[in-house]
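Descriptive analysis of the structure
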Amino acid sequence: MVVLQKAKMIVDKDFRVSEIDERIYGSFIEHLGRAVYGGVYEPDHPDADENGFRKDVIELVKELQVPIVRYPGGNMVSAYNWEDGVGPKEERPRRLELAWRTIETNEVGTNEFVDWANLVHSEVMMAVNLGTRGIDAARNFIEYCNHPGGTYYSDLRKNHGYEKPHNIKTWCLGNEMDGPWQVGHKTAEEYGRLALETAKAMRLVDPTIELVACGSSNTSMPTFPEYEATTLEHTYEAIDYISLHQYYGNRNNDTANYLAKSMDMEHFIKTIISTCDYMKAKKRSKKTINLSFDEWNVWYHSNDQDKQIEPWSIAPPQLEDVYNFEDALLVGSMLLTFLRHSDRVKIACMAQLVNVIAPIMTENDGKAWKQSIFYPYAHVSTFGRGVALRPVVSSPKYDSKDFTDVPYIDSAAVYNEEKEEVTIFAVNRHLEEALVLDADVRSFEGYELIEHIVLENDDLKAVNTATSENIRPHLNGISTLHDGFVEAKLSKASWNVIRLKKVKR
Ligand code: AHR
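**A look at the overall build of the protein chain**
Counting its regular elements, the protein chain contains eleven helices and 25 strands. In terms of overall size, the protein chain behaves like a compact globule, its C-alpha atoms giving a radius of gyration of 23 Å where 505 residues would be expected to give roughly 23 Å. Its C-alpha atoms put the protein chain at 75 × 60 × 50 Å along the principal axes. Across the 505 residues of the protein chain, 62% fall into the buried class. Within the protein chain, contacts between residues separated by at least 24 positions form 77% of all contacts whose residues are at least 6 apart in sequence. In the structure as shown, the protein chain presents an accessible area of about 19800 Å², 49% of it carried by carbon and sulfur atoms. Between the mean site of the 56 positive side-chain charges and the mean site of the 77 negative ones, the protein chain shows a separation of 4 Å.

**Concerning the nonpolar core**
Formed by 162 residues in total, the largest nonpolar core has its most connected members in Ile29, Trp116, Trp171, Leu173, Phe293, Trp296 and Leu339. Ranked by residue count, the leading element in this core is helix α10 (residues 325-340), at ten residues. Each of domain 1 (5-13 + 389-502) and domain 2 (21-200 + 291-383) contributes no fewer than three residues to this core. Setting aside chain neighbours within four positions, we find tryptophan 116 in contact with Ile29, Val40, Phe53, Ile58, Val61, Val69 and Leu353.

**Description of the pairing of strand β11 (residues 290-298)**
Of all nine residues in β11, nine are buried; the element is thus mostly enclosed. Across seven bridges, the pairing between strand β10 (residues 241-248) and β11 is parallel. Its bridge partner lying in β11, isoleucine 242 is registered against leucine 291. Note that β11 and strand β12 (residues 345-351) share four bridges and pair parallel. Bridge pairing in β12 links tryptophan 296 to methionine 350.

**A word on the packing of aromatic side chains**
Each pair of aromatic rings is reported with the distance of its centres and the angle of its planes. Summed over the entire model, instances satisfying the criterion amount to 21 aromatic pairs. Ring centres of tryptophan 82 and tyrosine 144 lie 5.1 Å apart, and the angle between their planes is 50°; on these two criteria the pair is classed as tilted. In this pair, tryptophan 82 is assigned in the loop between β4 (68-71) and β5 (95-97) and tyrosine 144 in helix α3 (residues 135-146), connecting sequence segments 62 residues apart. Taking the relative accessible area as the measure of exposure, tyrosine 144 reaches 0% and is therefore buried. Where tyrosine 247 meets tryptophan 299, the ring centres are 4.9 Å apart and the plane angle is 85°; that geometry is what we call edge-to-face. Note that tyrosine 247 is positioned in strand β10 and tryptophan 299 in the loop between β11 and α9 (303-306), a separation of 52 residues in sequence. Through a chain of ring-to-ring contacts, the aromatic side chains of Trp82, Phe141, Tyr144, Tyr152, Tyr153 and Trp171 assemble into a single cluster. One Lys or Arg, arginine 70, reaches over the ring of phenylalanine 28 and ends 4.7 Å from the middle of that ring.

**Some thoughts on the site of the ligand**
In the region of the ligand, 13 residues are neighbours, and Glu30, Asn75, Glu176, Tyr247 and Glu295 sit closest. Separating an oxygen atom of the ligand from a side-chain N or O atom of glutamate 30 is a distance of 2.6 Å. The residue makeup of the shell around the ligand, split by class, is six nonpolar, four polar and three charged.

**Here's the deal with the pairing of β4**
The alternating pattern of β4 places Ile68 and Arg70 and Val69 and Tyr71 on opposite faces, both of which are buried. When strand β3 (residues 26-28) meets β4, the two strands line up parallel, connected through two bridges. What sits directly across from serine 27, in β4, is valine 69. In this view, the connection linking β3 to its parallel neighbour β4 by way of helix α1 (residues 55-64) has right-handed handedness.

**Considering the sheet that holds strand β25 (residues 494-502)**
If you walk across this open sheet you meet the six strands as β2-β15-β19-β20-β25-β22, and the pairing is antiparallel. Because the sheet does not close on itself, it has two edges, and the strands there are β2 (16-19) and β22 (447-456). Ignoring which end each strand starts from, the neighbouring axes of this sheet average 20° apart. Where strand β15 (residues 387-389) lies against strand β19 (residues 409-416), three bridges are found, and the strand directions are antiparallel. The partner of leucine 389 across the bridge, within β19, is alanine 413. Seen against the sheet, helix α11 (residues 374-383) touches β19, β20 (421-428), β22 and β25 and runs at an angle of roughly 20° to β25.

**Observations concerning a nonpolar patch on the surface**
Nonpolar side chains collect at one region of the surface, where Ile10, Phe15 and Val392 lie side by side and expose about 220 Å² of accessible area between them. Tracing the backbone through its elements, the reader meets phenylalanine 15 in the loop between β1 (5-10) and β2.

**Observations regarding the domain arrangement of the protein chain**
Domain parsing of the protein chain yields domain 1 (5-13 + 389-502) and domain 2 (21-200 + 291-383). Averaged C-alpha coordinates put domain 1 and domain 2 at centres separated by 32 Å. With 32 residues of domain 1 in contact, the opposing surface of domain 2 contributes 23 residues. In this assembly, domain 1 packs against domain 2 so that about 2400 Å² is buried in total across both faces, 67% of it on carbon and sulfur atoms. Linking domain 1 with domain 2 are two salt bridges. One salt bridge connects glutamate 326 with lysine 461, and the closest N-O pair in it is separated by 2.8 Å. On inspection of domain 1 and its partner domain 2, the count reaches eleven residue pairs in polar contact (both at pLDDT 80 or more). Residue assignment for the side of domain 1 that touches domain 2 shows that the elements contributing at least two residues are β19, β20, β22 and β25. For the side of domain 1 that touches domain 2, the class distribution of residues is 16 nonpolar, seven polar and nine charged.

Thresholds, definitions, all that
Residues numbered from 1 in each chain as written. Predicted model: local features only at pLDDT ≥ 70, side-chain atom pairs only at ≥ 80, totals over all residues. Heavy atoms only, no water. Helix = DSSP H or I, 4+ residues; strand = E, 2+ residues; numbered from the N terminus. Rg over C-alpha atoms; globule rule 2.2 N^0.38 Å. Buried < 20%, exposed > 50% of the residue type's maximum accessible area, 1.4 Å probe, protein only. Contact = heavy atoms within 4.5 Å. Areas by Shrake-Rupley, 256 points an atom, 1.4 Å probe, with all protein chains shown as cover. Lys, Arg positive; Asp, Glu negative; His and termini not counted. Charge placed at Lys NZ, Arg CZ, Asp CG, Glu CD. Core = buried A, V, L, I, M, F, W, Y, C linked by side-chain atoms within 4.5 Å. Domains from an automatic or database assignment. Pairing = 2+ DSSP bridges. Phe/Tyr/Trp six-rings, centres within 6.5 Å; stacked < 30°, edge-to-face > 60°. Lys NZ or Arg CZ within 6 Å of the ring centre and 35° of its normal. Near = heavy atom within 4 Å. Polar contact = N/O pair within 3.5 Å; in protein donor to acceptor, adjacent residues only side chain to side chain. Nonpolar A, V, L, I, M, F, W, Y, C, P; charged D, E, K, R; others polar. Right-handed = clockwise from strand over helix to strand, strands pointing away. Axes fitted to C-alpha atoms, helices over the stretch in contact; angles between N-to-C directions. Patch = residues over 30% accessible without salt bridge, like charges linked within 9 Å, V, L, I, M, F, W, Y side chains within 5 Å. Salt bridge = Lys/Arg side-chain N within 4 Å of Asp/Glu carboxyl O. Buried area = accessible area lost by both parts, 1.4 Å probe.

Listed below in structure tokens is the structure:
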């Protein structure tokens, strides 16, 4: 008989990390490739609504329950004129889009995107251009979006058919301004000053908004984490969140090492929390700056293919990563990392949502389907609402090329008090062996086990396509609950969702 290795966990309703801000299940749509044109908007598609939005895509986005969508970029925002995307469509200019070297037709702009976001029940997280533009364009833009009326820009919005203000609450002060690839790239000193003055002007127009300042584009940037420190030095009292971005890939085909990369994300989060709190002490401030992890995902599969794209085409297939099964495991671990840090990570946006490094793919004039990474995202977004609990876990560990002491079992737990449900999420990173998870749930008296969802596949490189769904979850996970202890068998290389609910008497 094979004896399986065991991991132990305590899930106690009093060990609370924080109430989860649902915006950690956010996403991102940039005017890039086929995200907008051919993704959310395709007026000639047989399933398009009267405004040109694809209804098949809307249904898939609704399944993910995305509470907030960042827009319109990304790198694209750093040379974007918001005025190009409003008003009569036939008068909107076609522009060279410099970030991705395509042609932007501007058929979709702010108002259309707000309409679409309303259809999928999401808020918009809007970004202003601090690359080629600055304070003036930003204050006019927020007046257009949020001021009720009786002024030039608010009346312009009304003339464009939008009587009521959009009341967009969350605003990004530029994008990745630390990156030399950014149009209008800035040193931290330059950016910090501009972000502060833009924040002041925007808040004078609408004091109710929340503002996100740029941090580092990833942990490998030579200016990380000094960029954050300098930015916060200037902006601390004027902003609410600092932004983090990070993408991973399995370029050397070392899956054990790849699945441990969420530990780098954890290190990133902890470093930025420390940076924020150092600045809080330095400034003798009462205010706490929280984290907006507003770009995260796997991104590497499409890198070579993107080099072949002809410049100045319209909506070419850019950044169309086809995700495999192991990518879903890492994405699961990244989501669990947010839950464990939900006391400080208040916004997170999977980058992106449709076609561009996305959980949802479409064919122009054809089908829409779910990539492998759709599932962990949908599971955590659906069952991860409530209070994140601090799981006390002891798991067997391994070492990989870049990481030591990697727990084979990566986990998090969420308590939904209102629904009287507890969910344990767990990734088994072991590539050869199943493991047993022994979870002490005695504080949840009167609960029963209702479901053990599993995503597993013998082929780590299996993918979904428009015609074959090779990766999909099943409900045949092997778990029992006896005397307040869950015993769950976690298959090798698997994503698991174990759900408990209070029995109604
Ligand atoms: O999401 C793709 C790109 O990645 C974004 O435009 C940019 O912000 C990041 O570098």
